[in-house]
Amino acid sequence: MTGAAIADPANMVGPSDRPARAAILACMLAGMCTFLNVYCTQPLLPYLQRVYNSSVIGISLTVSSTILAVALMAPVVGLMAESIGRKKVIVPSLYALTVPTLLAATSQSLHALIFWRFMQGLFVPGVIVVMMAYINEEFVSSYVGRAMSAYVTGTVLGGFLGRYISGLVAHHFDWRGSFLAIGILNLAGAIVVQQALPKAKNFVRSLGWRHSIADGLEHLQNARLLAVFGMGFAALFCLVGVFTYVNFYLAAPPFHLNSAQLGSVFFVYLLGLIVTPLSGRFLDRYGIRHTALLAFGFALAGLTLTLLRNLPLIIGGLALFSSGIFIFQAVGTVQTGIVAQRARSSAAGLYVTFYYIGGSLGAMVTGWTWIADGWRACVILLMGVAGMAVLLAYGSSRK
């Protein structure tokens, strides 16, 4: 059963139509609002560690609990979206995400904060899983790379703003105000996305839950698709590992950065606003392998620079590294739709599950590496994982 046709022809984004600017903007804004929430505690970690007198691993649960919830919920949301539609999942998820974000500000203990962070993660897949399928179905193939890059650009902007706002507000007020500010922004964004995102007109309802589960099992037997999932796993492992423990690295001597300054470090994300749209065009023109190799080069160079005990060079290295990971993200999201070809929400749900399991393990495994031998050991680990990502990208493009 297909979705209803859109009354306003200017907003139509069918396979034969050039996409309306509002449609691409709504994809970007949905990504931005979602990622305001996901990593917002990262610049607060040294601050929260002092507030709750917690270990490094314990306080990092405010990051990994959210990521774990995303991984657990993603396949469920993928199945739901195959049955009830795309926009009908995306918009309610954005509204629902606002609730635990605001309630996190009421937390009286670290356990309560971790609980609300986990609840935030349960609503994130309603956007990040379904938007991938929406773009692959509703945009003509020559615009998929650009639309997907616009969405990833939104996630980049949201990732930056969530961290920057939380660090700034916590430094000048307290950490509770950080969640209030992000919750209000999330609500405003949900209202705009509801109005601007066109209804899906190419959606075909799944034959049922059993059929959707069978589709998921079929995806898990696709070696090329498993390689895409593995690439996503490795990419987020690296991203979370770096941007969780670099906060402890920069809060310690000789840098001594506070919460606001740590939040400002995430200005490096803004380079992704330039790199990610360009990567979409590069991907459309040169293909998966060349784009993945470019991403690996950025990541490797960036990680190397962070080993130098010079703050400007470290920040430059983080900018290069994050840009490389954003390119990997564009490769993974586009390649999922290309390789899956059908039941794309189920495929996207599985991709997101592997992706966020990678992020959750990145927070934990890199933490053990940090405790064992500091930042240098973390960099060596993450270089190896980034190398795995590029090899898997090559594998996914084999016929």
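The structure under discussion appears in the preceding block.
Residues numbered from 1 in each chain as written. Predicted model: local features only at pLDDT ≥ 70, side-chain atom pairs only at ≥ 80, totals over all residues. Heavy atoms only, no water.

Attention shifts here to the packing of aromatic side chains. Tallied over the full model, the rule gives 18 aromatic pairs. Ring pairs connect the aromatic residues Phe229, Tyr351, Phe354, Tyr355 and Tyr356, which therefore count as one cluster. The ring centre of Phe243 lies 5.8 Å from the NZ or CZ of Arg163, which sits over that ring. (Phe/Tyr/Trp six-rings, centres within 6.5 Å; stacked < 30°, edge-to-face > 60°. Lys NZ or Arg CZ within 6 Å of the ring centre and 35° of its normal.)

Per the counting criterion, the structure on display carries 2 cavities of 30 Å³ or more. Forming the boundary of the largest cavity are 19 residues, of which Phe35, Thr155, Gln329, Tyr355 and Tyr356 lie nearest the centre. Looking at the lining of the largest cavity, the elements with two or more residues in it are helix 9 (141-172), helix 12 (223-251), helix 16 (311-340) and helix 17 (344-396). Looking at the lining of the largest cavity element by element, the count peaks at 5 residues for helix 9. Within the lining of the largest cavity, the residues separate by chemical class into 15 nonpolar, 3 polar and 1 charged. The space that makes up the second largest cavity amounts to roughly 40 Å³. Lining the second largest cavity are Met132, Ala133, Asn136, Thr333, Thr336, Gly337, Ala340, Arg344, Ala347 and Ala348. (1 Å grid on protein atoms, 1.4 Å probe; cavity = no way out; pocket = protein on both sides within 12 Å on 5 of 7 lines; lining within 4 Å. Points joined across faces, edges and corners; volume = space filled by probe spheres on them. Helix = DSSP H or I, 4+ residues; strand = E, 2+ residues; numbered from the N terminus. Nonpolar A, V, L, I, M, F, W, Y, C, P; charged D, E, K, R; others polar.)

Our focus in this paragraph is the side chain of Ser259. Looking at the element boundaries, Ser259 is found in helix 13 (residues 259-265). Among the residues examined, Ser259 registers a relative accessible area of 9% and is labelled buried. Ser259 has contacts with Pro43, Tyr47, Gly167 and His171, leaving out every residue within four places of it along the chain. (Buried < 20%, exposed > 50% of the residue type's maximum accessible area, 1.4 Å probe, protein only. Contact = heavy atoms within 4.5 Å.)

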